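Geometric and topological summary
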Amino acid sequence: MLLVAAGSPEPADNAEAVRAARLLWEGRGYAGVETAFVSDAAPDVPAGLDRCRRLGARRIVVLPAVPVDGDTARRARQQAEGWAEAHPGLDVRWAGAHPAESATEPDDGHDLRHHGDAEVRDGGGTLTDLAVNVRAGTPPAWLREHLTAALDGLAGYPDGRAARRAVAARHGRPPEEVLLTAGAAEAFVLLARSLGARHPAVVHPQFTEPEAALRDAGHSVHRVLLTAGSGFRLDADAVPARADLVVLGNPTNPTSVLHPAEEIVRLARPGRTLVVDEAFMDAVPGEYESLAARRDVPGLLVLRSLTKTWGLAGLRVGYVLGDRERIAALERAQPLWPVSSPGLAAIEACCGPAARDEAERAARRIASDRGHLLARLTEFDSVEVAGPALGPFVLVRLPGAAAVRERLRELGFAVRRADTFPGLGPQWLRLAVRDRETTDRFAVALAKAVAVSS
């Protein structure tokens, strides 16, 4: 038997589950009783099942500890089912009540339509913005001038051929393997409506638009929830084998975790579309875990955006890379002229050698500035950083996070609440990486906010 508890940062709380397991073993005659935790403690459910297998178990009963809330039970069941499908030779049975799965909007308190820009709307323009993950000081002057020049062609319909060729050359692909989109958000809608997925799965915590688009299109979405106890690292075995559409981010928003490319490739299989959102990959020096140029991975679609590095959120520009058949299916679902002429000009310019060199330099500055932010956060005993963080933002957990966030607003800083991401609760916040002077000012404000909230 595997006894599953919620998990807690406090070892004494987890000890209760261990004692319950011992009582079950001694009083009920099971061959063995192991423990696992859904979050905040090790081992997680897949690791617990692995331990049972190593001990020679051929039949494993997974039992939620009591009391356990519905979300914890749902996550435990999903992890157990994903592991079981990857180990068909073992008999894995769920002994708890089966939590209901929603086919439309899940009633779990996660607002899938809340994004960082909400933190700086309606009077938030005077705040120092650590909520939106767009590089500060963008777009650069040369790009502004390029976009201004593109306005001369507004009388004509957009022609995306040159931009498509530029993207193809940037990633070593033929143009037929490129689809230009009005940002990554449009791509998620196209995926939800055109590929005919029957069993979509989304790896969380991550950007919530993929799941929102799938639910809007009538899909029932299986959530694969990564945990703080595992560092929010991807375990390919946790994804159900029957999933015919799998979506994940790399590096992942909001955890800032960069998953190994080869672990992601393990998710590929015949009959499955594997979608990797690389909207933040160009903020990683060297893009060393990118799959954008990989043409040997079956069913792979990679999404990219110009929003973050180039400061073009208002222009809506992005693209999808993948095999010709899937790209053609997505294109058939697109309206005519989905990307404006200025947007096409931006894509072409930002894929050129000079722009790529600039993006690499920016990524290295972000890495340096992130290191400074992480160093300042170590000054706070109550602040825990998820990680290792390798994106242009960091995810932190601290007591009273909601009150700290409100106090920071009063002190002039906007930070992103993270409880809207499935798998995270009200104790989490996301912080965008900014320059060192801004970080130092933020550290002073955070010290005041934490002191008042505690």
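The structure under discussion appears in the preceding block.
Being a predicted model, the structure only gives us computed values, none of them experimental.

Scanning the protein chain for helices and strands turns up 14 helices and 16 strands. Across the 454 residues that make up the protein chain, the buried fraction comes to 56%. In the protein chain, once contacts between residues fewer than 6 apart in sequence are set aside, the share between residues at least 24 apart is 74%. In the structure as shown, the protein chain presents an accessible area of about 19300 Å², 52% of it carried by carbon and sulfur atoms.

This part is about helix α14 (residues 436-453). Since there are 3.6 residues in each turn of an α-helix, residues three or four apart along the chain are aligned in direction. For α14, with 18 residues, the first-to-last C-alpha span of 25 Å sits near the 26 Å given by 1.5 Å per residue. Here the buried face of α14 lies against β5 (128-130), α12 (353-377), α13 (401-410), β15 (413-417) and β16 (428-432). Where α14 starts, the residue carrying a side-chain oxygen 3.1 Å from the main-chain nitrogen of E437 turns out to be D435.

This part takes up the packing of α12 against α14. Relative orientation of the contacting elements α12 and α14 amounts to 20°, with a least axis distance of 10 Å. Here α12 lies roughly parallel to α14, going by the angle between them. Remark: the crossing between α12 and α14 carries right-handed chirality. Counted together, S368, D369, H372, L373, R376 and L377 of α12 and R436, T439, D440, A443 and L446 of α14 form the full contact between these two elements.

Tallied over the entire structure, the rule returns 30 salt bridges. Residue E211 is joined to R215 by a salt bridge in which the shortest nitrogen-to-oxygen separation is 2.7 Å. Taken together, the residues E211 and R215, both in helix α7 (residues 209-216) and four residues apart, mark about one turn of the helix. Since its relative accessible area comes to 0%, E211 is described here as buried.

Here we take up the state of the cysteines. Covalent bonding between the sulfur atoms of two cysteines defines a disulfide. Enumeration over the complete set of coordinates arrives at zero disulfides. With no disulfide of its own, C351 lies 7.2 Å from the sulfur of C350, the closest cysteine sulfur.

The side chains of a regular strand alternate between both faces of the sheet. With respect to burial, β16 is a largely interior element, five of its five residues being buried. On β16, burial covers both faces: W428, R430 and A432 on one face and L429 and L431 on the other are all buried. In this structure, strand β14 (residues 393-397) lies alongside β16, joined through five bridges in antiparallel fashion. Opposite F393, over in β16, you have A432 as the bridge partner.

What follows covers α7. The element α7 is largely enclosed, with a buried count of seven among its eight residues. Three or more residues of α7 are buried, namely E209, P210, E211, A212, A213, L214 and R215. Elements in contact with the buried residues of α7: α6 (183-194), β7 (200-204), β8 (222-225) and β9 (245-249). In the segment just after α7, G218 is the residue with positive phi, at about 95°.

Reading guide: rules and limits
Residues numbered from 1 in each chain as written. Predicted model: local features only at pLDDT ≥ 70, side-chain atom pairs only at ≥ 80, totals over all residues. Heavy atoms only, no water. Helix = DSSP H or I, 4+ residues; strand = E, 2+ residues; numbered from the N terminus. Buried < 20%, exposed > 50% of the residue type's maximum accessible area, 1.4 Å probe, protein only. Contact = heavy atoms within 4.5 Å. Areas by Shrake-Rupley, 256 points an atom, 1.4 Å probe, with all protein chains shown as cover. Expected span 1.5 Å × (residues − 1). Polar contact = N/O pair within 3.5 Å; in protein donor to acceptor, adjacent residues only side chain to side chain. Axes fitted to C-alpha atoms, helices over the stretch in contact; angles between N-to-C directions. Parallel < 35°, antiparallel > 145°, perpendicular 65-115°, else oblique. Left-handed = near helix turned anticlockwise from the far one by under 90°. Salt bridge = Lys/Arg side-chain N within 4 Å of Asp/Glu carboxyl O. Disulfide = S-S within 2.5 Å. Pairing = 2+ DSSP bridges.

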